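Results of the structural survey
Spelled out, the chains give:
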Amino acid sequence: MTASVHLPAYDRSALRPGIVHIGLGNFHRAHMAVYLDDLFALGVAQDWAILGAGVREGDARMRDALKAQDCLSTVIELDPAGITCRRIGAMLDFLPVEPGNASLIAAMADPGIRIVSLTVTEGGYFINAATGAFDPDAPEIRADAAAPDQPGTAFGAILAALRARRAAGIAPFTVMSCDNLPGNGHVTRAAVAGLARLIDPALADWVETHVAFPNGMVDRITPATGPRERAMAAEFGLDDPVPVTCEPFRQWVLEDYFPAGRPPLEQVGVTFTPHVHAYELMKLRILNGGHAIIAYPGGLMDIEYVHEAMAHPLISALLDKVEREEIIPYVPPVPETDIAAYYDLIRSRFSNPEVADTERRLCLDGSNRQPKFIVPSVRDALAAGRGARGLALVSAIWCRYCAGTSDSGTLIAPNDPNWDALQALARAARSDPQVWLGQRQIYGELADHPGFAADFAHWLFSLWAQGTETTLRSYLAESA
Ligand code: NAD
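Remember, predicted model here, so these are calculated numbers, not experimental data.

Take the nonpolar core next. Ile-286 and Trp-436 are the most contacted members of the largest nonpolar core, which totals 74 residues. Not counting residues within four places of it along the chain, the set of residues in contact with Trp-436 comprises Ser-395, Trp-398, Cys-399, Cys-402, Leu-422, Leu-425, Ala-426, Ala-429, Tyr-443 and Phe-456. Membership of the second largest hydrophobic core comes to 42 residues, among which are Leu-95, Ile-141, Ala-157 and Ala-161.

See below:
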């Protein structure tokens, strides 16, 4: 007998659209759509349903799949105590995916739409890696500036809709990023206003003055969908080509900056606070930093899954020692949050065997992640005068991984957009560790810190000479 599937506990025909969401991937369907589904089930805010949208060709496949099932999304919550399945009904329609995005622009220009939200990935915001600022020279941005009525990017489409609203005397919608970027509201504002500035400086000034871009912190581990996930849906009797699986935990912290109104999401567990930055910093340092700590030793020891890494006593102890001695002490207080309890929760989330998140996914893109998730903790620990011996080891393990072979000699396939350059440096660093720290875009002035450089060199030599296990054992034997 198949287990039961929970269906929307409200009349979907009574819903009215209030939100256009661009980037209908897995995360949105496991996060924002679930919060709204919970809200509609309370019988409130039913004029805040979602219209899905995408600006990339690949989104047409998701549209076809979802339209064929009345825009219902299957969300399977991977709770080790019991796996549950629900069909989320918060989305009413999926707009056509087409060159020039006319349907999307028309939908966003409608006065009923008061929020445009986004999950277009961290790489979707046209940020220049060297400066960290919006890149007005990105080819897709240049193309939208040259043809603002036929935009190809999400920001071009948003701007075209804002222009139409302004011309018609309709107040602007709020633009809400749900991507995993520090200061995601600021980053989105920089992209929309930055593109506007290339088209019409007065329009850019108007955007900066009149359009709201709240910052937010989002959290829920949501793996990609493959055969395993489709088979799980089948076990619930669903023939769904695009089901979503996710951990049971979810969190959403938002600035209350919605001049055009918003659904009362606080009724379903969303935190509204002016202190989003504090939550975000805690998450980036403890959760994302924690992922970076357990990823690379697992990679070097040929461990496939995250929960297997957590079950390895040396990796688990490495995480504990580095978090407790060198990360958590420098995380500023967060309202209504016990940081030690937050870390305990993260440990249990990482250990969930049902999620089946891979070490390789966590190892991806270290050159973008280390500067956000690890290096700031190094700086804080050094500034406090306590040293950063564990974080130096974490950095050395990443360097050793980028050399491209595990301890067993197994080849590691390229796993970073800058893989070739990283691999060359990692191999040179085997005899001259300073070569690695010389990557100023990652380590900045830390390359010149004698204590950190000495610790890094010590651990890198040890990793090459004795392997990961022995090196971890010697670190763990050191007293705090
Ligand atoms: P996904 O691959 O399922 O979906 C990505 C979506 O973004 C697709 O609709 C795709 O078309 C769109 N997209 C990609 N690049 C784009 C671009 N340049 N312009 C416009 N659209 C673009 O991925 P996902 O799991 O839904 O994750 C999306 C984002 O959500 C992440 O990058 C992250 O910022 C955030 N997030 C994800 C998780 C997670 O565990 N998956 C957790 C927290 C936050």
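A separate point is the sheet that holds strand β6 (residues 115-118). Ordered by their spatial adjacency, five strands build an open sheet running β5-β2-β1-β6-β7, and the pairing between neighbours is parallel. Two strands bound the open sheet, and with one partner strand each, they are β5 (91-94) and β7 (174-177). Neighbour-to-neighbour, the strand axes of this sheet turn through a mean angle of 25°, independent of strand direction. By the bridge criterion, three bridges tie strand β2 (residues 49-53) to β5 in an arrangement that is parallel. Bridge assignment links Leu-51 to a residue of β5, and that residue is Asp-93. Lying over the sheet, helix α4 (residues 102-109) contacts β1 (17-22), β2 and β6, oriented at roughly 145° with respect to β1.

Among the 19 residues in the neighbourhood of the ligand, the closest are listed as Phe-27, Asp-59, Glu-122, Asp-179 and Asn-180. Between the ligand and Arg-220 there is a distance of 3.3 Å, counted from an oxygen atom to a backbone nitrogen or oxygen. Out of a free accessible area of 830 Å², the ligand has 78% covered by protein chains. Split into classes, the residues belonging to the shell around the ligand amount to six nonpolar, eight polar and five charged.

With that out of the way, let us pick up the domain arrangement of the chain. Accessible area lost when the parts come together is the quantity often used to give the size of an interface. Taken domain by domain, the chain consists of domain 1 (12-274) and domain 2 (277-477). A straight line from the C-alpha centre of domain 1 to that of domain 2 covers 31 Å. Carbon and sulfur atoms supply 60% of the area buried between domain 1 and domain 2, which totals about 1,700 Å² over both sides. The tally of links from domain 1 across to domain 2 stands at two salt bridges. Between Arg-349 and Glu-247 there is a salt bridge whose closest N-O contact spans 2.5 Å. Connecting domain 1 to domain 2 are seven residue pairs in polar contact (both at pLDDT 80 or more). Listing elements by their share of the side of domain 1 that touches domain 2, those giving two or more residues are β8 (216-219) and β10 (251-254).

Moving on, we get to the pattern of salt bridges. Taken as a whole, this structure holds 29 salt bridges when the rule is applied. Close ionic contact of Arg-197 with Glu-208 constitutes a salt bridge, the shortest N to O distance being 3.3 Å. Taken together, the residues Arg-197 in helix α7 (residues 184-199) and Glu-208 in helix α8 (residues 201-210) connect sequence positions 11 residues apart. For Arg-197, a relative accessible area of 38% gives the class partly exposed. Judged by its relative accessible area of 32%, Glu-208 is partly exposed. Where Asp-455 meets Arg-389, a salt bridge forms, and the shortest distance between an N and an O atom there is 2.6 Å.

Turning our eyes to something else, we now look at α4. Taken together, the buried positions of α4 are occupied by Leu-104, Ile-105, Ala-107, Met-108 and Ala-109. Where α4 is buried, its residues meet β1, β2, β6 and α6 (154-168).

Turning our eyes to something else, we now look at unusual backbone geometry. The backbone of Ala-45 shows a phi angle near 55°, a positive value even though the residue is not glycine. With respect to the helices and strands, Ala-45 occurs in the loop between α2 (32-41) and β2.

We now examine the sheet that holds strand β3 (residues 73-77). Here three strands make up an open sheet; going across it, the order is β4-β3-β9 and the pairing mixed. Of all the strands in the sheet, just β4 (84-88) and β9 (244-246) have a single pairing partner and so form its edges. Adjacent strand axes in the sheet meet at a mean angle of 25°, parallel and antiparallel pairs treated alike. Against the sheet, α2 contacts β3 and β4, and its axis sits at roughly 80° relative to β4.

Attention now moves to the packing of aromatic side chains. Using the criterion set out here, one finds nine aromatic pairs in the structure. Taken together, a centroid distance of 5.6 Å and an interplanar angle of 80° make the contact between Tyr-10 and Phe-40 edge-to-face. Linking Tyr-10 in the segment before β1 with Phe-40 in helix α2, this pair joins segments that are 30 residues apart in sequence. Note on Phe-40: relative accessible area 1%, which makes it buried. A ring pair is formed by Trp-398 and Trp-436, whose centres lie 5.0 Å apart and whose planes are at 75°; its orientation type is edge-to-face. Separated by 38 residues along the polypeptide, Trp-398 in helix α17 (residues 389-402) and Trp-436 in helix α19 (residues 434-437) bring together distant segments of the chain.

What counts and how
- Residues numbered from 1 in each chain as written.
- Predicted model: local features only at pLDDT ≥ 70, side-chain atom pairs only at ≥ 80, totals over all residues.
- Heavy atoms only, no water.
- Core = buried A, V, L, I, M, F, W, Y, C linked by side-chain atoms within 4.5 Å.
- Buried < 20%, exposed > 50% of the residue type's maximum accessible area, 1.4 Å probe, protein only.
- Contact = heavy atoms within 4.5 Å.
- Pairing = 2+ DSSP bridges.
- Helix = DSSP H or I, 4+ residues; strand = E, 2+ residues; numbered from the N terminus.
- Axes fitted to C-alpha atoms, helices over the stretch in contact; angles between N-to-C directions.
- Near = heavy atom within 4 Å.
- Polar contact = N/O pair within 3.5 Å; in protein donor to acceptor, adjacent residues only side chain to side chain.
- Areas by Shrake-Rupley, 256 points an atom, 1.4 Å probe, with all protein chains shown as cover.
- Nonpolar A, V, L, I, M, F, W, Y, C, P; charged D, E, K, R; others polar.
- Domains from an automatic or database assignment.
- Buried area = accessible area lost by both parts, 1.4 Å probe.
- Salt bridge = Lys/Arg side-chain N within 4 Å of Asp/Glu carboxyl O.
- Phe/Tyr/Trp six-rings, centres within 6.5 Å; stacked < 30°, edge-to-face > 60°.

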